[in-house]
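Working through the structure, step by step
The lines below spell out each chain.
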Amino acid sequence: MGGSMSSPVPTAANNFTCKQLADFADVIVDFSVALPAAGPQRWASLEHERVPRPPTHHPATPRLLSLGDLHGDYAKTRDALRTAGIVDANDHWAAGRSTVVQVGDQLDRGGDEIAIMLLLERLRLEALKVGGAFYAINGNHETLNVASFFRYVEDPEGFEDFQRWQGWFRFGERIKRNCGIAPVKLGRAPSNLPEKSYARYRALRPGGPLAKRFLSTQNTVMTIGSSLFVHGGILPDHLVLGFDTINDVTSAWMRGEVERMPRFLSGRNAVVWCRQFSHPNKNDCSLLESVLNQSGYSRMIMGHTIQPNGISDACRGQALRIDVGISKGCGDGESQVLEILNDTKINVITKRGIVTSFVSEKTKKAAVAGA
């Protein structure tokens, strides 16, 4: 038989096979990277693009739950979620139509960061399917990492986790390239960074695969009913900017569409760094009251500053501080979750049950009006 062999003509069947291979690559990357921390799990590898960044403002919900900083500790993250019945024994959504907000700092101080981001992403999708909601917002450790400041990567696994991700990610991209799908270029790391941080930089830099997938799809400020959620705090200058602008510009920077970190994310008065309302003993209650009156909310819920005695309130219940340092890198504190029922009744949930019940400022005002 003469002549030369020609390449097979692409067909719908061939294209479908390549799509399956590409999907398999995404699944195997997530599965393999998270396996050491989370065990065998099925992640939202093929669904995550279906849910964009959520709106900034949401109406009140009958049951609202919120948990504080997680800092790279998957076991303690899972413990907190199970404590409040947010997930079941297999770490899948179990809170029905409830709404959950995690107030930032998923990154740093521990070595399970990618597994945590995968878990929070999956919960967001699972909650949506049954009429619930799960939202994580960005804290200062998310913005630090996108800006390539890695000084709080205190666990060696914090670098090794991303090196493992980089190896699997490149493996997945090779599979896709063989199907004619253009691979994602991770780019060069700056020479001033230590070599051990190169993979972390490539994943989390502005426009990096994990910054785009996870962090850019999180808000930095959110409101639900009469509650205002932020990692650090909201000051008058932030009100001038507007919450939607803060979220839009932060996300654009994380996607690599804005060259420099926005100024409102940097410095001690930044939305992710402010501590004026979360100090255990000293808080500017008059400033907080002014901010809440101007913005029309009853309370500000924040993380960032560890509360040594557990979830606490200040300023007549207008400040709720929910960072209890649960990560082993932050003191290995007791798992606690804030619960707000019908936008008024406020509880703290622990493994011992409800240990504290706050009376919200909104309830106080209603009682006075009805007297």
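Predicted model, so just to flag it, every value in this text is computed and none were measured.

Cut-offs and rules
Residues numbered from 1 in each chain as written. Predicted model: local features only at pLDDT ≥ 70, side-chain atom pairs only at ≥ 80, totals over all residues. Heavy atoms only, no water. Helix = DSSP H or I, 4+ residues; strand = E, 2+ residues; numbered from the N terminus. Buried < 20%, exposed > 50% of the residue type's maximum accessible area, 1.4 Å probe, protein only. Contact = heavy atoms within 4.5 Å. Pairing = 2+ DSSP bridges. Axes fitted to C-alpha atoms, helices over the stretch in contact; angles between N-to-C directions. Disulfide = S-S within 2.5 Å. pLDDT = per-residue confidence, 0-100. Phe/Tyr/Trp six-rings, centres within 6.5 Å; stacked < 30°, edge-to-face > 60°. Expected span 1.5 Å × (residues − 1).

With that out of the way, let us pick up the side chain of S197. With respect to the element layout, S197 can be found in the loop between α5 (157-178) and α6 (198-204). What makes S197 buried here is its relative accessible area of 0%. Excluding its chain neighbours within four sequence positions, the residues that come into contact with S197 are F150 and F159.

Across the sheet, which stays open at both edges, the six strands sit in the order β1-β5-β6-β7-β9-β8 with mixed pairing between neighbours. A strand with exactly one partner marks an edge of an open sheet, and here the two such strands are β1 (57-58) and β8 (312-314). Where strand β7 (residues 299-302) meets strand β9 (residues 319-321), three bridges bridge the pair, whose relative direction is parallel. The partner of M302 across the bridge, within β9, is R321. Those strands touched by helix α9 (residues 243-254) are β1, β5 (221-224) and β6 (227-230), and its axis lies near 135° from that of β5. Together, β6, β7 and β9 form the strand contacts of helix α10 (residues 285-295), whose direction differs from that of β7 by roughly 110°.

Between two cysteines, a covalent bond joining their sulfur atoms is known as a disulfide. Summed over the entire model, instances satisfying the criterion amount to one disulfide. For C285, the disulfide goes to C315, at an S-S distance of 2.1 Å. Its torsion about the S-S bond being -80°, the disulfide of C285 and C315 is classed as left-handed. In this pair, C285 is assigned in helix α10 and C315 in the loop between β8 and β9, connecting sequence segments 30 residues apart. You can see C330 has no disulfide; the closest cysteine sulfur is in C274, sitting 19 Å from it.

All right, on to the pairing of β7 then. Side chains of β7 alternate between two faces, with R299 and I301 and M300 and M302 buried alike. In terms of strand pairing, β6 meets β7 through three bridges, oriented parallel. Each residue of the ladder has a partner; that of F229, found in β7, is I301.

The next subject is the pairing of strand β2 (residues 63-67). A regular strand places its side chains on the two faces of the sheet in alternate fashion. Judged by how many residues are buried, β2 sits mostly within the fold: four of five residues are covered. Where β2 and strand β10 (residues 337-341) come together, four bridges link them in antiparallel fashion. Across the sheet, the residue bridging to S66 is L338, located in β10.

So, on to the confidence of the model for the protein. Here the protein averages 92 in pLDDT, and 92% of its residues register 70 or above. A low-confidence stretch, residues 1-13 stays under pLDDT 50, and its non-local contacts, those more than four residues away or across chains, total one contact. Within the model, the stretch residues 366-371 combines pLDDT values under 50 with zero contacts to residues more than four positions away or in other chains.

For the rest of this paragraph, the subject is the packing of aromatic side chains. Under the counting rule described, the total for this entry stands at three aromatic pairs. Seen in terms of ring centroids, W168 and F171 are 5.6 Å apart; in terms of plane orientation they differ by 90°. Their pairing is edge-to-face. Of this pair, W168 and F171 both sit in helix α5, three residues apart, roughly one helical turn. A relative accessible area of 30% places W168 in the partly exposed class.

Its 17 residues place the ends of helix α3 (residues 113-129) 25 Å apart at the C-alpha level, agreeing with the 24 Å of an ideal helix rising 1.5 Å per residue. With 15 of 17 residues buried, α3 lies mostly within the body of the structure.

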